[in-house]
Every structure is written in C-alpha cells, then in structure tokens.
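An overview of the molecular structure
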Amino acid sequence: MHNINFIRENPIKFDNAMKQRGEQSFSKKILEIDKQKRNTQTLLQNLLAERNSLSKEIGKLKSNNKDVSQELIKVSNLKKEISNLKELEIVKDDELHSILSRLPNIPHSTTPTGLNEKDNVLYKEWGIKPDFLFKPKKHFEIGENLNLMNFDIASKLSGSRFVILKSQLSRLERAISNFMLDKHTNDNGYTEINVPFLVKDDALFGTGQLPKFSDDLFTAGENHWLIPTAEVPLTNLVREQILDENALPMRFTSYTPCFRSEAGAAGKDTKGMLRQHQFTKVELVSITKNDQSDLELERMLKCAEGILQDLNIHYRVVLLSTGDMGFAAKKTYDIEVWIPSQNTYREISSCSNFEDFQSRRANIRFRQSSQRKTRFAHTLNGSGLAIGRTWVAIVENFQQEDGSFLIPEPLRGYMGGLESVSPRNRDLLKIT
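Residues numbered from 1 in each chain as written. Predicted model: local features only at pLDDT ≥ 70, side-chain atom pairs only at ≥ 80, totals over all residues. Heavy atoms only, no water.

A word on the overall build of the chain. Each helix and strand counted, the chain has 13 helices and 18 strands in total. Each of the three principal axes of the chain carries a C-alpha extent, and together these read 105 × 45 × 40 Å. Taking all 432 residues of the chain together, 50% fall into the buried category. Within the chain, contacts between residues at least 6 apart in sequence are counted, and of these 73% link residues at least 24 apart. Surface accessibility of the chain: about 21300 Å² in total, with carbon and sulfur atoms responsible for 46%. (Helix = DSSP H or I, 4+ residues; strand = E, 2+ residues; numbered from the N terminus. Buried < 20%, exposed > 50% of the residue type's maximum accessible area, 1.4 Å probe, protein only. Contact = heavy atoms within 4.5 Å. Areas by Shrake-Rupley, 256 points an atom, 1.4 Å probe, with all protein chains shown as cover.)

Turning to its location among the elements, I128 is positioned in the loop between β1 (121–126) and α5 (139–145). Of the residues examined, I128 reaches a relative accessible area of 74% and is grouped as exposed. Measuring from C-alpha to C-alpha, the distance between I128 and Y315 comes to 8.3 Å, with 187 residues separating the pair along the chain.

In this structure the tally under the stated criterion is 14 salt bridges. In this structure, K183 engages D187 in a salt bridge whose closest nitrogen and oxygen atoms are separated by 3.7 Å. Note that K183 and D187 are positioned in helix α7 (residues 167–187) at a spacing of four residues, about one turn of the helix. Residue classification places K183 among the buried positions, given a relative accessible area of 17%. Put simply, E296 and R251 hold a salt bridge, and the shortest N to O gap is 2.8 Å. Linking E296 in helix α10 (residues 293–311) with R251 in strand β9 (residues 250–259), this pair joins segments that are 45 residues apart in sequence. (Salt bridge = Lys/Arg side-chain N within 4 Å of Asp/Glu carboxyl O.)

This structure, assessed with the given rule, holds zero disulfides. Lacking any disulfide linkage, C258 is separated from the closest cysteine sulfur, that of C351, by 14 Å. With relative accessibility at 1%, the residue C258 sits in the buried group. You can see C351 has no disulfide; the closest cysteine sulfur is in C303, sitting 8.7 Å from it. (Disulfide = S-S within 2.5 Å.)

Spatial strand order, β8-β14-β15: three strands in an open sheet with mixed pairing. Single-partner strands in this sheet number two, and they are β8 (241–244) and β15 (374–376). Within the sheet, the average angular offset between the axes of one strand and its neighbour, ignoring direction, is 40°. As defined by bridge partners, strand β14 (residues 364–367) adjoins β15 across three bridges and the pair is classed as antiparallel. Each bridged residue has a counterpart across the sheet, and for F366 the counterpart in β15 is R375. (Pairing = 2+ DSSP bridges. Axes fitted to C-alpha atoms, helices over the stretch in contact; angles between N-to-C directions.)

Right, let's talk about helix α12 (residues 387–397) for a bit. Across the 11 residues of α12, 11 count as buried, placing the element largely inside the fold. Of the positions making up α12, those classed as buried are I387, G388, R389, T390, W391, V392, A393, I394, V395, E396 and N397.

The three strands lie next to each other as β5-β7-β6, forming an open sheet whose pairing is antiparallel. Single-partner strands in this sheet number two, and they are β5 (198–200) and β6 (219–221). For this sheet the average axis-to-axis angle between neighbouring strands, irrespective of direction, equals 35°. Both β5 and strand β7 (residues 224–226) contribute to a ladder of three bridges, which runs antiparallel. Bridge pairing in β7 links K200 to H224.

Attention now moves to the packing of aromatic side chains. All chains considered together, the criterion is met by seven aromatic pairs. Between F213 and F327, the ring centres sit 5.3 Å apart and the planes meet at 75°, which makes this aromatic pair edge-to-face. Here F213, found in the loop between α8 (201–207) and β6, pairs with F327, found in the loop between β11 (315–319) and β12 (331–339); they are 114 residues apart in sequence, far enough to count as distant. Residue classification places F213 among the partly exposed positions, given a relative accessible area of 26%. Joined through ring pairs, the aromatic side chains of F213, F327 and F357 make up one cluster. (Phe/Tyr/Trp six-rings, centres within 6.5 Å; stacked < 30°, edge-to-face > 60°.)

A few words now on the nonpolar core. Core analysis: the biggest nonpolar cluster contains 51 residues, and L169, L172, W391, I394 and F405 have the highest contact counts within it. Broken down by element, this core gets its largest block of residues, eight residues, from α10. For F405, the contacting residues outside a window of four places in its chain are I142, L146, L169, L172, I394, V395, F398, Q399, Q400, S420 and V421. Judged by nonpolar contacts, the second largest core, of 15 residues, contains I4, I7, A17 and I106. (Core = buried A, V, L, I, M, F, W, Y, C linked by side-chain atoms within 4.5 Å.)

Time to look at the pairing of strand β10 (residues 278–288). Of all 11 residues in β10, 10 are buried; the element is thus mostly enclosed. Of the strand pairs in this sheet, β9 and β10 are connected by 10 bridges, and their pairing is antiparallel. Bridged to F252 within β10 is V285.

Relative orientation of the contacting elements α7 and α10 amounts to 125°, with a least axis distance of 11 Å. Taken as axis vectors, α7 and α10 run oblique relative to one another. Considering only the axes of α7 and α10, their crossing is right-handed. Where α7 abuts α10, its residues F179, M180, K183 and H184 lie against C303, I307, D310 and L311. For the contact of α7 with α10, the residue count by class is five nonpolar, one polar and two charged. (Parallel < 35°, antiparallel > 145°, perpendicular 65-115°, else oblique. Left-handed = near helix turned anticlockwise from the far one by under 90°. Nonpolar A, V, L, I, M, F, W, Y, C, P; charged D, E, K, R; others polar.)

This next bit is on the side chain of Q276. Considering the arrangement of structural elements, one finds Q276 in the loop between β9 and β10. A polar atom in the side chain of Q276 sits 3.3 Å from the backbone nitrogen of V163. Polar side-chain contacts of Q276 include one of 2.9 Å to the backbone oxygen of G272. Ignoring sequence-local partners within four residues, the contact set of Q276 consists of F151, R161, F162, V163, R260 and E262. (Polar contact = N/O pair within 3.5 Å; in protein donor to acceptor, adjacent residues only side chain to side chain.)

Put into structure tokens, the structure is as follows:
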C-alpha cells in the first residue's frame, strides 16, 4: 500500500513511478478523492464539536428548568448530518483504498527501467557450465527412463501440471529440502517455522496477492486460500503488531508446498517440473528496520546463492527491470540456474525488498527505543530455493551418458551415502 502523504507531496514523482510499472497516472484522481475525504472529516469534526457544545448547553438549560425543545430539534438534525457524513467518509475511504490497493510498489532508485525481462541487468555469474561429450537429456527423460517419475498417473489423479516421484528421486527432493533448511538455520541465522498451508483473505492482501491476483490462486472456500508461497504466512506472523526494534531483524524460513493456478501460462513448460500447479519451496523472509533493508537484501541473496555454490551448480544473478518485477517489490534479484537441455538459464529464486509496501497493508510496525512514535517495518522475501527447480538442475547438470546422474556431495549424507542414481541401483518396481 502506498503512503498517501508521499503522493500529496510528490504527485508527479508518483505518476512517473507508476508509468515505469506500466500503470496510468492516478495521482489526480487519488488526490481528488483524498481531498473529498479530508473535507468530509473536517465537516464531521465540526459537527461533532457543535453537537457536544449543544449537549452541554441543554444540560445547563435543564438544570435551570428551561425549555430545551428547540435545542433537541437541532441535536436531532445534527445527528442526521453526522450520520450522512460518516457514510460519505466510508465511501471515500473505500474508493481510495480500492485504487491504492491495486497499484504496484514504487521502484527503488537502483532498479533499472524497462518493459520486460529483456531489460533485466546482469549482476553476476558463478561457476562453470558442464561440458558434455553427449547430447544432454531433459530432466523428465532421465526420470522417466529410470522408471521413477510419472506424469501420466499424476494427470489421472489431478490433471495436468502434476508429477509423481518415486524412491531415490522422491528421496532426492526430501534431501534437498533438508539440506536447505539445515543450511539456512545453522549457518544463515534463520528461524525455522512450520506454517499453515491455508490462509485467509487478509493474509494475502497483506503480502499483495489480493485483490489483484486472485486468478493466480487456488481457493479453498469460506475465506480460505491455498498458499502460493510461504512468504504469505511467514510475513503475516507479525501482522497487526508493534515490534521492539531490538528484535529486528527477524529472519524466518519455512519448507512448504506451494499452489499456483499458473493463469496465463498456457503452453509454457507443459512437460516436466519447471511449471507445476503444486511444488515445494524453502522460503526466506526478513522483517527489518527501515534503514536495514538494503543490506538485508544483499545478505538474503548471498544466503540463497550459497545453496547453489555448495551444490556446485552454475548460475547467474540478474537485477530485474521495472517491467519484469513483481507487484509488491521495490527491488528484485533473480537467481537463474543453468539448464543444459534447454541451453538456457531458468529462474530458481527471486529475492525482493518490499520496504514498507507490505507492512502498510499488513500494519507491521516497530517502535524505536528512543522515540514513542512507531514506524512501518520493511519486509523482504526470497526463495532459498525452489526445491523442484533445484532437483531439475541437479539431475540435468550432473547427468551421465548412461542415463544416471551423480548426487552432489553435500546431499549424500541425506541420501544414505548414495553417490548416484542409475538404472543399476534404482527401485525395480515400475510406477504403473
């Protein structure tokens, strides 16, 4: 949500920022409604003061046994006017809220201006692409050839964009998640949280998914939704709270399934695990003071990168342009992992600083010890990482010519010492 004071003081700057995000100029309409609302509030305060004064006058007249009929008529008329103004105030507040809640965050000064992903800026690269002496297979070709991965049965159960993994491939997904959680909690200072997978409207409004992106979500009825990411429950842990500044920054991590309708993704990645309706992810969320978030974003990025560095998988980091950045984000880094079969990079993590955009929607504040006044906290989140896409990267980057693939050394302890998955050590029971 936007700070109305900023719009009052910087209408042109606000409109320019919205133009960078592909939106129209709204400041004139916003300020007009805001003026009507404030005028209504002023009139309301004056009438309330007049009613209070009149009530005191009636009390004095009654104590002197004087007639108060005319004064009572005035009070009755004032009540009607006050009621009408309160209704008008609510209407104007709803109009203002409706516009502001659907407008994206203002870009950070370091966010590059652009129309789409083509305008993203390369930030860094790490590692070396694998050099194969054979044509690399796609991850689902490897998994299906091992008889440990099946899309057809998943489709019979749930429809398209679902998959069944078995035995070592299923265990690999669990190993990846356990490795990530241990890394983020033991080394990176995040607190692991086990969260609900269903949330209410208010939680999704707070993080910016509602009201604009309801089509991207799966509803569970009765004011409940399946979470699209653990960012939603993790950020809302401190919703409607005033935090002690000494408790900041707060850093949370969680491993959850994520559910997305993939609206608008028709025809994209229909085969394989890159774009599923249900997938798992380890999420990172930080709640910071308003002067900490820029550094916290860099820290979060390093934590996410550290996973791929430990696994020795080549990746690059790009700084997203205004046209490719998420609705609530002010600045975003994408980590893109190398996918050999596609000869391209694919996003495996987004790390974003929202500053006070989400905290205004969710009313997350902190109180500085030296001041009585509260301030809105800054929120950040990042994938640390998407499990399925990490799984894909491992299977493809460490594949062997015989159809097997190697297990990265940090994961072998989680795999019972297994060093590779191959036709020789696979579970012989075929998924049928």
